Amino acid sequence: MSADMTAHTPTIVLVGHGMVGQRFLESLADRGVTERARIVVLCEEPRPAYDRVQLTSYFSGKTPDDLSMVEAGFMEKHGIELYVGDPAESVDREARTVTARSGQVFAYDSLVLATGSYPFVPPVPGKDARGCFVYRTIEDLLAIEEYAKTATTGAVVGGGLLGLEAAGALKGLGLDTHVVEFAPRLMPVQVDEGGGAALLRTIERMGLTVHTGTGTQEVVTADGAVTGMKLSDGSEVATDMVVFSAGVRPRDQLARDCGLTVGERGGIAVDELCRTSDPAVFAIGECALASDGRVYGLVAPGYEMAQTAAATIADATDETVDGFTGADMSTKLKLLGVDVASFGDAHGTAEGCLDVVYSDSRSGVYKKLVISGDGVLLGGVLVGDAEQYGLLRPLTGTVPPVSPEQLVLPAGAGAPVALGPSALPDDAVICSCHNVTKHAIGQCESLAEVKKCTKAGTGCGSCVKVIEKLLPAPKDKGLCGCFSYTRSELYEVARTLRITSFAALLDSHGRDAAKGGEGCEVCKPTVGSILASLNNGYILDGEQASLQDTNDHFLANMQRNGSYSVVPRIPGGEITPDKLIVIGEVARDFGLYTKITGGQRIDLFGARVDQLPAIWTRLVDAGFESGHAYGKSLRTVKSCVGQTWCRYGVQDSVKMAIQLELRYRGLRAPHKLKSAVSGCARECAEAQSKDFGIIATANGWNLYVGGNGGATPRHADLLAQDLSDAELVRLIDRFLMFYIRTADRLERTSTWLERLQGGLDHLKDVVVHDSLGLCDELEALMAAHVDDYQDEWAQTLDDPERLRRFVSFVNAPDAPDPSVRFVPERDQIKPDLTILTLGRTNSTLEGASR
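Things to note about the pattern of salt bridges
Here is step 1: Scanning all chains against the criterion turns up 41 salt bridges.
Here is step 2: The shortest N-O distance in the salt bridge between E777 and R495 comes to 3.1 Å. Of the two residues, E777 sits in helix α25 (residues 775-788) while R495 sits in helix α14 (residues 487-497), which places them 282 residues apart along the sequence.
Here is step 3: A residue is classified by how much of its surface remains accessible, and E777, at 29% relative accessible area, is partly exposed.
Here is step 4: In this structure, E661 and R569 form a salt bridge, with 2.9 Å as the shortest nitrogen-oxygen distance. You can see E661 sitting in helix α21 (residues 653-664) and its partner R569 sitting in the loop between β29 (564-566) and α19 (577-590), a full 92 residues away along the chain.

With respect to the environment of T636
Here is step 1: Within the secondary structure, T636 sits in strand β32 (residues 634-639).
Here is step 2: Taking the C-alpha atoms as reference points, T636 and Q600, separated by 36 residues in sequence, lie 7.9 Å from one another.

Details of the side chain of N702
Here is step 1: With respect to the helices and strands, N702 occurs in strand β35 (residues 700-705).
Here is step 2: Looking at N702, the relative accessible area reads 8%, which means it is buried.
Here is step 3: Polar side-chain contacts of N702 include one of 2.9 Å to the backbone nitrogen of D722.
Here is step 4: Those residues in contact with N702 that lie beyond four places of it in its chain are G693, I694, I695, T697, L718, A720, Q721 and D722.

Describing the pairing of strand β7 (residues 110-113)
Here is step 1: Of the two faces of β7, the one holding S110 and V112 and the one holding L111 and L113 are both buried throughout.
Here is step 2: Looking at chain direction, strand β1 (residues 11-15) and β7 are connected through 4 bridges and run parallel. Following the sheet pairing, L14 is matched in β7 by V112.
Here is step 3: As judged from the 3 bridges shared by β7 and strand β19 (residues 281-283), these two strands associate in the parallel manner.

Re the layout of surface pockets
Here is step 1: Size it by volume and the second largest pocket reaches roughly 1000 Å³.
Here is step 2: Forming the boundary of the second largest pocket are 38 residues, of which E145, K149, L173, A681 and I695 lie nearest the centre.
Here is step 3: Among the elements of the structure, α4 (138-148), α5 (161-172), β34 (692-697), β35 and β36 (717-723) are those that each provide at least two residues to the lining of the second largest pocket.
Here is step 4: Looking at the lining of the second largest pocket element by element, the count peaks at 4 residues for α4.

What about the side chain of S27?
Here is step 1: If you trace the backbone, S27 turns up in helix α1 (residues 19-30).
Here is step 2: Apart from the residues lying within four places of it in its own chain, the contact partners of S27 are Q307 and A310.

Some words on the sheet that holds strand β5 (residues 97-100)
Here is step 1: Spatially, the 3 strands line up as an open sheet ordered β4-β5-β6, and their pairing is antiparallel. Edge positions in the sheet fall to β4 (88-92) and β6 (105-107), since each has one partner strand and no second. Neighbour to neighbour, the strand axes of the sheet diverge by 20° on average, direction disregarded.
Here is step 2: As paired strands, β5 and β6 are joined by 3 bridges and run antiparallel to one another. Residue pairing for β6: V98 is matched across the bridge by F106.

Parameters and conventions
Residues numbered from 1 in each chain as written. Predicted model: local features only at pLDDT ≥ 70, side-chain atom pairs only at ≥ 80, totals over all residues. Heavy atoms only, no water. Salt bridge = Lys/Arg side-chain N within 4 Å of Asp/Glu carboxyl O. Helix = DSSP H or I, 4+ residues; strand = E, 2+ residues; numbered from the N terminus. Buried < 20%, exposed > 50% of the residue type's maximum accessible area, 1.4 Å probe, protein only. Polar contact = N/O pair within 3.5 Å; in protein donor to acceptor, adjacent residues only side chain to side chain. Contact = heavy atoms within 4.5 Å. Pairing = 2+ DSSP bridges. 1 Å grid on protein atoms, 1.4 Å probe; cavity = no way out; pocket = protein on both sides within 12 Å on 5 of 7 lines; lining within 4 Å. Points joined across faces, edges and corners; volume = space filled by probe spheres on them. Axes fitted to C-alpha atoms, helices over the stretch in contact; angles between N-to-C directions.

Below, the structure written as structure tokens:
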């Protein structure tokens, strides 16, 4: 701070708490400023900073909390005062105070304006009618989502980046969607004419109607609500709602009102240190007019400004601060499922430059590189295939190590040399969002370490694939000391070679030291699960029995006092009164504790191992079967009541839940699986917190995957939408078998999906678009499971030999375990934990497994 601030605790006031504002706070914290200064943040929105770049992912199942940019406890840890829903109303630069909407007045030593931008709405008649929206904040999205429930058609004004995201959102909400773009092509800022044409063809094939080269003349209304649009070319579009996404303007009114210098076309003028015309006031992000005369609308330049302003405020001298003199405007994104990227001089404005173009209109791929006369890569445009973006962007300004033609041609079409990350120099910037070089990434051992130490890969995410290729190979990927293969590799070995026993797999593919051995506690249950997934028969026959853990060994969940719980399957949560009575009678007659679970099941606790056959005899006779609550398999498919009973329901969720649960019952997997089916968007079954969840739409079903509850909850991602019953089942078949085939040991679908190279996009390519040609095989594997399924408890009860294992002591098979005791509580029972059970439990298991 300046010398006159040393006598008191300086105050820094930040106006605006978006992505750039949060980065400014993090930079202050990294420099220790939060320990010696008071930090006040005035935030206009009702929530802290969130990822506006990923805003559209809200319609794919992300919640506002998922999008948050603020780590839990960050504000408290650094003593930052955050006032949400309380924006700055005025600035008195002479008194150095800021007045908030609430009336609070804050004195400042340094003021930082991070007010961002606002959507431009063309001044056309009807623009304020009911049904007109902008696409900028989470609140905007909530309003659009609610209004779309009563609409059938939507129109987006603007065919740029945000406009196409908005169009994708409307299409995802089930609306017939139009895009109106005044320029002659889509995304005119990012792509050239050829790229725009390729993008247009692909988007129109998706069912969207695009109007280019025309503007909005009037929004037509009736009774104050939108009914259509008149375009400048004389045509009309019938629509129920209009979303304006025709660009943004810097929010500089606060600066204007207090007399700061602003640009002729807007933006708060700043120097290279992000200082305004008042040295005590800074401006960063989209509200700032940089010293090069540009307003930057991308997050990466905003981050650079935030770091520059933080460094300047944190006592650094002008010589030690890297001033902001401009930024890389390269960008890579996926719009409506289409990869689009541009970098460098994408439009070829340099004198004497040459173009190298590859175009395949059939597949929607367009690639153009701009090359100088002496071979320097100046920039490029990629549409439909942006795989090389992470390598091409860092090479901009250099002569690539291979010819330009080899950089754009697809494999097998004359591109003999693959350009890898090793070709990049150490100072190449791999992550432009956080300005992280190849050298910095090379100091890390894993992607997680890269993200933690450098923040690379946590912004737009376009650099993740390149980062992964730069990281060292894992030292030993083997499952355990017995196998040098991963779980997924062992699955392929067993499937391809039709190996049906652990001993055979260990002898043929175990490490040398393990051959002839017995395996370990890691590989035995893992291989047991693999063999069960490949329909290797009853899991407790022969060698299979020795591979199972305690729960699978007795087809029940072991509890803390050595007793077991019983969970009969109740598909979809639907049960008849007669079956309810049977469960009640069994619980009463055997003195079991009864609990209704969150997954719409009835759990019966307190059974001794010798009681399990008698309990299941009564349940099987009543039509129940194993609920597999003990296995790494499908547990439940939860459902709401759906359209049969609920006035909001749009599909029969109960019927679908029952169909899915009966189809996937007994399916052994790397980890337990949970599912749910909701009959409408109100989501009463909580489908988005499941490994695979289904939500009904007016046009069918939306399928979400990779969610889970628990200690680290994760919302599932939207895999496909508006599916028919048959399409839904087919995609779930593929998803589950691909997960079983490729996941690691004890890896939930949520963790697997986050680890999967390429993430959700790759999963879509594989299971939706069949990019690997595996789908027929995946469907066949699931069909074999469905055809071969048999209830494990029914099989057990039919075989006296199998029943012999259900004893507490092999030398006294008729004797109950005396140490399994209970005490009363709330008219039921609970374990008597005063009894030492550890020794008894171990001896019981040892005896029962012999």
